[in-house]
Amino acid sequence: VSTYVLRAAATPASAPWLWRIAGGEAMTLACADADGDWTGATTGVQARDAGEQVVLTGEAHFVQDAFKCDSLLVAARHGDDVWWCVVPVSAPGVE
């Protein structure tokens, strides 16, 4: 996951997450659609603004090792953009 984050999300916001991953926090990608496209471009998850929070709805498929992870890096469609959102596996609605 850290290599993907370095390439796709090389922003100041990603730096703390890279340190957490390097420190041992387990994270996996949740970006594949039902057909197995891993690019995130066809994600089945939608993001919407809810005040100061973001609410995600929909499904990601083929999430590798999710049961071993602390967090998921979720690709979510927000208008014409794809947002990458970190979601704890303990968050409400994560199955």
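Note: the structure precedes this text.
All values reported here derive from a predicted model rather than from experimental measurement.

Chemist: Please give an account of the overall build of the protein chain that cites residues and values.
Modeler: Each helix and strand counted, the protein chain has two helices and five strands in total. If you list the helices and strands of the protein chain from N to C, you get α-α-β-β-β-β-β. Within the protein chain, the proportion of its 95 residues that are buried is 27%. Taking the intrachain contacts of the protein chain between residues at least 6 apart in sequence as the baseline, contacts between residues at least 24 apart amount to 54%. Only carbon and sulfur atoms are counted for the fraction: they give 54% of the accessible area of the protein chain, which is about 6,100 Å².

Chemist: Describe the nonpolar core, with residues and values.
Modeler: The biggest cluster of nonpolar side chains holds seven residues, and these are A30, V45, A47, L72, V74, A76 and V87. Top element by residues in this core is strand 4 (residues 71–78). It accounts for three residues. Contacts of A76, omitting those with residues within four sequence positions, involve T43, V45, Q46, A47, L56, D81, V82 and W83.

Chemist: Could you give an account of the pattern of salt bridges, naming the residues involved and the relevant values?
Modeler: What the rule picks out here adds up to two salt bridges. Across the pair E25 and R20 runs a salt bridge, and its minimum N-O distance is 2.8 Å. K68 is the partner of D65 in a salt bridge, and the nearest nitrogen-oxygen pair spans 3.9 Å.

Definitions and limits used
Residues numbered from 1 in each chain as written. Predicted model: local features only at pLDDT ≥ 70, side-chain atom pairs only at ≥ 80, totals over all residues. Heavy atoms only, no water. Helix = DSSP H or I, 4+ residues; strand = E, 2+ residues; numbered from the N terminus. Buried < 20%, exposed > 50% of the residue type's maximum accessible area, 1.4 Å probe, protein only. Contact = heavy atoms within 4.5 Å. Areas by Shrake-Rupley, 256 points an atom, 1.4 Å probe, with all protein chains shown as cover. Core = buried A, V, L, I, M, F, W, Y, C linked by side-chain atoms within 4.5 Å. Salt bridge = Lys/Arg side-chain N within 4 Å of Asp/Glu carboxyl O.

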